[in-house]
Every structure is written in structure tokens, then in C-alpha cells.
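# Breakdown of the fold
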Amino acid sequence: MIGQDLLGIESLDRERIELILETAEKMQEIGTRDVKKVPTLRGRTVVNLFFEPSTRTQTSFEIAGKRLAADVVNFSVSSSSLSKAESLLDTAKTLDAMDPDAVIVRHKVAGVPQRIADVLDAPVINAGDGAHEHPTQALLDMLTVYQEKGRIEGLSVAIIGDIAHSRVARSNIYGFTRLGAEVRVAGPPTMLPPQVDVLGVKAYTSLREALDGVDVVMALRIQNERLGGGIFPSVREYSSTFGLDRAKLRFARPDAIVMHPGPVNRGVELSHDLADHRPSVILDQVRNGVALRMALLYLIAGRDFPQDQE
Amino acid sequence: MSRVLIRGGRVLDPSVDYDAVADLLIEDERVVEVGVGLEAENAEIIEAKGKWVAPGFVDLHVHLREPGQEYKEDLASGGRAAVAGGFTSVCCMANTDPVNDDPAVTQYILDRAAKDSPARIFPIAAATRRLAGELMTEMAALKEAGAVAFSDDGKTIMDAWVMRNVLEYSKLVDAAVVIHAEDCGLRADGVVNEGRMSTRLGLPGNPVEAEEIHIARDIRLARLTGARLHVGHVSSGGSVELIRQAKEDGLSVTAEVTPHHLALTDAITEGFDTSTKMAPPLRTESDVERLRAGLVEGVIDCVATDHAPHAVYEKDVEYTAAPCGVLGLETAFGVVNDMVQCGEISPLELMRRMSTAPAQIFDLEGGSLQSGAVADIVVLDPEESWVYDPAEGFSKSRNSPWAGERLKGQVSATLVDGRIVYQAGRGVLAR
């Protein structure tokens, strides 16, 4: 995968997904060491090009790059001033002239990482574009499920919430179905995208039916800007119909795990109690995010597998 | 006296359903005769064997950007692009800067066009002042100054009371009102067709219902007022049905469709290329089929390009931020000729939808090759295949979904007022 873009899961085959997950498992060990650093990407430059603020994802990429000894540079741009002053592609070309080895792009509009990749020599990793894709989130989710359940093939996964506006949902749908899981989505009808079957999932408006017998429940964050956006009447009604708590979780398999891409709106998507305790695995997801991103940077911007530096 | 003899072509004159191999003789600015074995001394000869000879194309819907946005296009470059595409008359929309809502702007466009453009240019004036959808324009004065129709194109008149008054008042000047039909509330932030592609790409969708609801409303208002309603850039199969019903009900409703809505679907938005962004958006295969069938049947009266130039840097932005619209003049024939190649429509009927029918909708001269008709003529090579490169074209802009694509059907020559203004291989010859 050296030098290749990672723009989405939709275009990723099963072999590649498995390679990334296997590599991430190897990377996890580095995070447990006393000195959490290997020289694999020494002398390589990784640029975080974030047009939309995201402390979590940006930090995760930054730590991942630093654990591999890459120089990580944060290039934050306010997208509103950008569209007036400088074209998006000009920014990308300017950056490219500085010869980075990988560019991580986050933007609030779908398709921007793709357009930037079209003009950039350096490989582009999509760190989330609008409601399109968030491939690294889906990969770390798959890693988490794989390590919890020992497999992905044959599992049932329910994704709950604002599917229509969720890049996390799309990427996870593509990823889990490609690895042989069954994926269901559920939410109020105003939060389900039109012709959702094109994504290869079954849609439910009953949480109970959606959760029936599933192995994994993934709750999505209700974006703050949607709280008053007219697609659902109130937070109270949302949390009572689609918010997860231990009582509703009983519809799922007894050993079902609960996931959330974070940050959690406590009491909205997840009850306070579920947000903090098993079967939720939210902090494992975050931890795995670093290893997963290390794996990707290694596979895309690196050469050799990290050697111990004793 | 100047003479041009177009020899041995397949002469297609939809105004009298004429379709035969013949010669066509022009003297000065008029057609003199269509017949076999015509001879003329001192005539410039255009050999048209294997080609079509038809009335020059008439485009009811272009954006030429002058005054105010000459960096995108102006009347000179737009006029050159027009004749290179076989269009002898084009009607330019009012969303210039300043808006064409004042007779002085209309007059300015006509003066500049007369000096700069090899094609005839007819201004469409705004229906409401500043395109704000509130106060109607001085239609009588605008018509007097040379406006041929009225439209807020690019914007929708959302207030039905305003629209009713615009339609009522337009009867005073007996001109068509052209609508840009999109219910703005329902469209919301939509930038691509709502459906499978918007779901896959995660881009905000714009449902066909936003267009259909608005067309349905305005058809009712056309019935209420008896005014002439022309539906711009129809994009959905459902809209075709609404227009069919309006025509069956005997209303004065006409409609146009663009080459891109006849040929492309939202599948090409896949790579997020902003040259695929237009309003209304590209729809689905089923819509394309129904639009093509509607054009063949005549429910859709004509093809109009909605030629909408934008600078490269304006389009090189996020998909949601990019302005809507694509170039259309230079590729129109190469695109719609596919319908003849596929056997869906006869050459004569296609020429009717490109010239005779649109000329009638706006009461323009042209659309005929009869003796005495103005010699606005296009000579076409329907078999010639070519690759379109916007950088080599005549428009100032490059925003085309057909950039680098191979098209079959090329304009060989265009005559305006009996003068050859464009010839393949020689370029634009006048002005």
C-alpha cells in the first residue's frame, strides 16, 4: 500500500482490510512498552491537514506518527476563510511542494480528500469527509470487534442514530459487510438516508427489532448542529426512542458489546452508566485508534516493519 | 450581392417537414432557393455531401455573464462559442451584474452584442427586480428595449402571489415567462440528486419532488392566468408527465431540456468533480429515458444548453461550495446527436427541437430554410467524431463534464445573415 491513498472503505478489498488489521495488532505492542517509540518513519513528514477541528482524531494521528518517529506537522485551516481567499486545491498544491510523505485530510464537505488526492503527489489518508467516509474510524472499530469477538464474519452489527449524516456509519457499513458481517441500521425515518439499501444494509425504525440478536451495537453521536435542525423533535424524544440503556440492550445478545465513535452525548445516545462500563468498549476503541493509525502510516508512508531498538 | 451555395447536403427544414438531398442558395442575408442542381455565378461554395443542412440552432437558455462577470464569459466569447456549436441565436439570462432588470442593461447587451458577437443575442430580462422574487420588472419597457422573455433563472420565485402577478402582467407584453423550478425549502442544501448516489457519497440530496412541486404550482398558475409559461431545464421524468398533462389541458406551456440532462446521470458525480454540479442536478437512468422520450414526443419542445461558464478557480472548491452550471454551447450537437445515432429520433425532428421549435416559443426569426427566410444556417457532419478540449474551445471557461470525451457529430459551418461565421478547421470567421 506504500504511496497509496486511503480515501474510503468502499473501495477497499477484504485482503487490504485484513492486512491493515493484522498490522495494527502488531503495532499495539509498541503502545505497551516503556519507551513507546520506534524509528520506522524517522525522517518522514506526516501532515495533518484539518479543515474542521477534531481534537481526538488529530491527536490520535499525531501520536501514531510520533510513535513511529515521523515528524508530524499540524496544518489547520479555517475552511470558511479558505473558500474566499485561496482555492482548496491551491492549498493542497502548496502543501505538496513541501514534499510530505503522507497527508491526513479532514473536511466537513464530502469528497474533499478525494479532490486533494487528485492533485497531490503524496498519499492522502481521509480522516473524515462530511457525511461520506471516515475510514480510520471504521478500521479501528473493526479491530476492536475482532479482538472482542475473535471474528467478524457471521456477526450481526446494529448501527443506531443519524445514519444519513454519518460518515462513521457509511465506512463501518462497507467494512463490516465486506468482512462478512450482517449490518443493520436504525434511527428515526428522518435520519435514514434515501434508498439506504444501496449501502447493503437493512433499515429499521424500531430499536427493538434492530437490536434483536445482534453481537455489536454501535451508537452514533447526534451532532450538536442537528439538535435544532428539524429532523427530530427533541433530545428527550430521541433518547427515549433510540438512546441506549441497559434495559434496551437486553434485546441484543447477552454478550453484545456497545461502541461509540465519541465524544458521547451522555444521556442522549448512551446512558451515563453504559458510557462508562462494560459492555461498552469505548476507550478500547480510542486505544486501538492509535495502533490502527500507526499501521496505516507504516503501510502507506513507511518501508520496513519496525525493529526493536534495544 | 454576396452568394453562398451549399451543395449536395441533406437539407432538413422542419418548418415545412422537408428532408431531401438538395442544394441551398443564399443571396445576401436571405435564403433564395432550395433545389436540385442549383448553379450560381460568383458564389462561395460549401460542399455538404454527406452532411446535414439545417436552420441555425436557437438556444433559449444561456448565461453569457456580461455585464459584470466578464472573467467567466462575455458577449464576444459567448457568441463565438455559440456559432462554433451551430447556434445562430442565443437568449441570455438576466443574472448578470447588474441584473438585466432595467431597459438600459437590455440595451447595453444588445449594443455590445451587435458589435462583438457573431451570433444573434437576445436578452431575457428579469421577471422581478434584482431577481429578488418580490417586485416585478417594467416588462413593457424591457420588451420595448429588446427583451424577448422574462425569467429569474438561477433563482425561483417562491411567492405564488408574486408569480401569479408576473404571469398576469406578462400577458401585457405577450412574452413567455421562463421558470427555474426548484422548491427552495425542499431542496434545502441539496447539491446532487437525492437517491442512491447522494446516499453513497454523503452529499446533501435534492429530490426530484423539489422540481416537480414547483412545476405543478406554476402550471396551475398558468391555468389561472392564461399566460405563456416556459419551463426551463426540465430534469425529472415526473416533470415530463406534468408538462404532458398541461399540454393536454390546452395550456400555453412549453419546456426545454439540456443536453446534459439528456445524456448524463448522477453516476458521474462519483469522483466529486464539480463539473458535474448543476441546478437542477443530474438525475437517474430512468429520468434520462423519460426526458429523451419526452423530447421525441414533443412534450419537451426543445433543447436548450443552460450554458453556464464559471472560472476554473471558482469550480476548484468543495463540492457544496462550487457554483452550479456547466458549459453547453460547443458540445450540444455532439451530445444530442447520440439520439439520432441510437435511432431514437429522426434528424429532421432533432433539428426541429434545436431550431424551429425554440424560435417559435420566443417569437424569434429563424428556424426555417424557406425562400425569403433569414439565412441563419448550420451545416453538420453527423458522422464526424472528435474529442472535446475546453482549452481549445471558444468559451472563456472550461467547466464541462465532456472535457476529454469523444463526441460524434460536429458542426461543419455556421452562417448568420448569410455570412459564414464559423467553419470547422478555420474557426470563427467574423468579428
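Residues numbered from 1 in each chain as written. Chains lettered and ligands numbered in written order. Predicted model: local features only at pLDDT ≥ 70, side-chain atom pairs only at ≥ 80, totals over all residues. Heavy atoms only, no water.

### Quick notes on the domain arrangement of chain A
Residue and element names in this part refer to chain A. We note that the domain assignment places domain 1 (14-133 + 286-308) and domain 2 (135-282) within chain A. Placing the centre of domain 1 and that of domain 2 at their C-alpha centroids yields a distance of 26 Å. Ranking the residues of domain 1 by area buried against domain 2 places Arg 14, Leu 21 and Glu 133 at the top, with a combined share of 28%. Where domain 1 touches domain 2, the interface holds 2 salt bridges. Close ionic contact of Arg 167 with Glu 52 constitutes a salt bridge, the shortest N to O distance being 3.1 Å. (Domains from an automatic or database assignment. Buried area = accessible area lost by both parts, 1.4 Å probe. Salt bridge = Lys/Arg side-chain N within 4 Å of Asp/Glu carboxyl O.)

### Concerning the packing of aromatic side chains
For the structure shown, the criterion picks out 8 aromatic pairs over all chains. Judged by centre distance (5.7 Å) and plane angle (65 degrees), the rings of Phe232(A) and Tyr238(A) are edge-to-face. By relative accessible area, which is 2% here, Tyr238(A) ends up buried. Between Phe394(B) and Tyr422(B), the aromatic rings sit 6.2 Å apart at their centres with planes inclined by 90 degrees, giving edge-to-face as the arrangement. On the criterion of sequence distance, the pair formed by Phe394(B) in the loop between β16 (377-387) and β17 (406-416) and Tyr422(B) in strand β18 (residues 419-423) is long-range, its members being 28 residues apart. (Phe/Tyr/Trp six-rings, centres within 6.5 Å; stacked < 30°, edge-to-face > 60°. Buried < 20%, exposed > 50% of the residue type's maximum accessible area, 1.4 Å probe, protein only. Helix = DSSP H or I, 4+ residues; strand = E, 2+ residues; numbered from the N terminus.)

### Comments concerning the interface of chain B and chain A
Residue-level contacts link 19 residues of chain B with 24 residues of chain A. Summed over both partners, the interface of chain B with chain A buries about 1800 Å², with 56% contributed by carbon and sulfur atoms. On the chain B side of the interface with chain A, the three residues burying the most area are Thr199(B), Arg200(B) and Glu318(B), jointly 36% of the side's total. Our count for the chain B to chain A interface comes out at 3 salt bridges. Where Glu10(A) meets Arg200(B), a salt bridge forms, and the shortest distance between an N and an O atom there is 2.7 Å. In this assembly, chain B and chain A are joined by 5 residue pairs in polar contact (both at pLDDT 80 or more). No other element matches helix α6 (residues 196-201) of chain B, which puts 5 residues into the side of chain B that touches chain A. (Contact = heavy atoms within 4.5 Å. Polar contact = N/O pair within 3.5 Å; in protein donor to acceptor, adjacent residues only side chain to side chain.)

### Some remarks on the sheet that holds strand β9 (residues 257-259) of chain A
All names here are of chain A. Spatially, 5 strands are ordered β7-β6-β5-β8-β9 in an open sheet, and the strand pairing comes out parallel. The open sheet is flanked by β7 (202-204) and β9, the only strands paired with a single partner. Adjacent strand axes in the sheet meet at a mean angle of 25 degrees, parallel and antiparallel pairs treated alike. Bridge count for strand β5 (residues 156-160) against strand β6 (residues 182-186) is 5 bridges, and the pairing is parallel. (Pairing = 2+ DSSP bridges. Axes fitted to C-alpha atoms, helices over the stretch in contact; angles between N-to-C directions.)

### Section: the nonpolar core
In terms of nonpolar packing, the biggest core is built from 75 residues, with Phe150(B), Leu229(B), Val231(B) and Met351(B) touching the most fellow members. Core analysis: the next-biggest nonpolar cluster, separate from the first, contains 64 residues, Met1(A), Leu68(A), Met142(A) and Val185(A) among them. (Core = buried A, V, L, I, M, F, W, Y, C linked by side-chain atoms within 4.5 Å.)

### Here we look at empty space enclosed by the protein
All names here are of chain B. Counted according to the given criterion, the structure contains 1 cavity of 30 Å³ or more. When its volume is computed, the largest cavity comes out at roughly 70 Å³. Looking at the largest cavity, it is lined by 14 residues, and the ones nearest its centre are Lys 155, Ile 157, Val 178, Ile 179 and His 180. Residue assignment for the lining of the largest cavity shows that the elements contributing at least two residues are β10 (177-179) and α7 (208-225). Counting residues per element, the lining of the largest cavity draws most heavily on β10, which supplies 3 residues. Partitioning the lining of the largest cavity into residue classes produces 6 nonpolar, 4 polar and 4 charged. (1 Å grid on protein atoms, 1.4 Å probe; cavity = no way out; pocket = protein on both sides within 12 Å on 5 of 7 lines; lining within 4 Å. Points joined across faces, edges and corners; volume = space filled by probe spheres on them. Nonpolar A, V, L, I, M, F, W, Y, C, P; charged D, E, K, R; others polar.)

### A short note on the layout of surface pockets
Empty pockets left among the atoms are what a rolling probe the size of a water molecule brings to light. Residues and elements named next belong to chain B. Counted as a void, the second largest pocket has a volume near 570 Å³. What lines the second largest pocket is a set of 28 residues, among which Asn 95, Gly 154, His 180, Ala 279 and Cys 324 lie closest to the centre. In the lining of the second largest pocket, the residues fall into 9 nonpolar, 10 polar and 9 charged.

### What about the sheet that holds strand β15 (residues 302-303) of chain B?
All names here are of chain B. Sheet architecture is open: 8 strands sit in the order β6-β7-β8-β9-β10-β13-β14-β15, paired in parallel fashion. Of all the strands in the sheet, just β6 (57-62) and β15 have a single pairing partner and so form its edges. Inspection of the sheet shows strand β7 (residues 87-92) paired to strand β8 (residues 120-125) by 4 bridges, in the parallel sense. Bridge pairing links Ser 89 to Arg 120 in β8. The sheet strands contacting helix α2 (residues 103-116) are β7 and β8, and the helix crosses β8 at an angle near 170 degrees. Seen against the sheet, helix α4 (residues 160-173) touches β9 (149-151), β10 and β13 (229-231) and runs at an angle of roughly 145 degrees to β10.

### Focus: the packing of helix α1 (residues 14-28) of chain A against helix α12 (residues 282-301) of chain A
Residue and element names in this part refer to chain A. Here α1 crosses α12 at 115 degrees, and the two axes come no closer than 8 Å. Both α1 and α12 take part in a crossing whose hand is right-handed. Residue-level contacts link Leu 19, Ile 20, Leu 21, Thr 23, Ala 24, Met 27 and Gln 28 of α1 to Asn 288, Ala 291, Leu 292, Met 294, Ala 295, Leu 296, Tyr 298 and Leu 299 of α12. Of the residues that constitute the contact of α1 with α12, the class distribution is 12 nonpolar, 3 polar and no charged. (Left-handed = near helix turned anticlockwise from the far one by under 90°.)

### Observations regarding unusual backbone geometry
Trans is the common state for peptide bonds, and a negative phi is the common state for residues other than glycine. A cis amide bond, omega -10 degrees, links Gly262(A) with the succeeding residue Pro263(A). Among the structural elements, Pro263(A) can be located in the loop between β9 and α11 (272-276). Note that the residue after Ala279(B), namely Pro280(B), is joined by a cis bond; omega there is -5 degrees. Looking at the secondary structure, you find Pro280(B) in the loop between α9 (259-263) and α10 (285-297). At Asp306(B), a residue that is not glycine, the phi angle is positive and equals roughly 55 degrees.

### Looking at the confidence of the model for chain B
When pLDDT is averaged along chain B, the result is 97; 100% of the residues meet or exceed 70. The complex prediction reports pTM at 0.94, with the ipTM value standing at 0.91. (pLDDT = per-residue confidence, 0-100.)

### Observations concerning helix α2 (residues 55-67) of chain A
Residue and element names in this part refer to chain A. Taking 1.5 Å of rise per residue, 13 residues should cover 18 Å, and α2 covers 18 Å from first to last C-alpha, within 8% of that figure. Considered for burial, the residues of α2 that qualify are Thr 57, Gln 58, Ser 60, Phe 61, Glu 62, Ala 64 and Gly 65. Where α2 is buried, its residues touch β1 (45-50), β2 (71-76), β3 (102-107), β4 (124-129), α6 (135-149) and α12. (Expected span 1.5 Å × (residues − 1).)

### Quick look at the pattern of salt bridges
Residues and elements named next belong to chain B. Within this structure, the stated rule accounts for 45 salt bridges over all chains. Note that Asp 17 is salt-bridged to Arg 352, the shortest N-O span being 2.6 Å. Highlighted residues: Asp 17 in the loop between β1 (3-13) and β2 (18-27) and Arg 352 in helix α13 (residues 347-361), separated in sequence by 335 residues.

### Section: the side chain of Ser156(A)
Residue and element names in this part refer to chain A. Examined against the element boundaries, Ser 156 turns out to sit in strand β5. Taking the relative accessible area as the measure of exposure, Ser 156 reaches 10% and is therefore buried. Look past the residues within four positions of Ser 156 in its chain and what remains in contact with it is Glu 182, Arg 184, Gly 213, Val 214, Asp 215 and Val 216.

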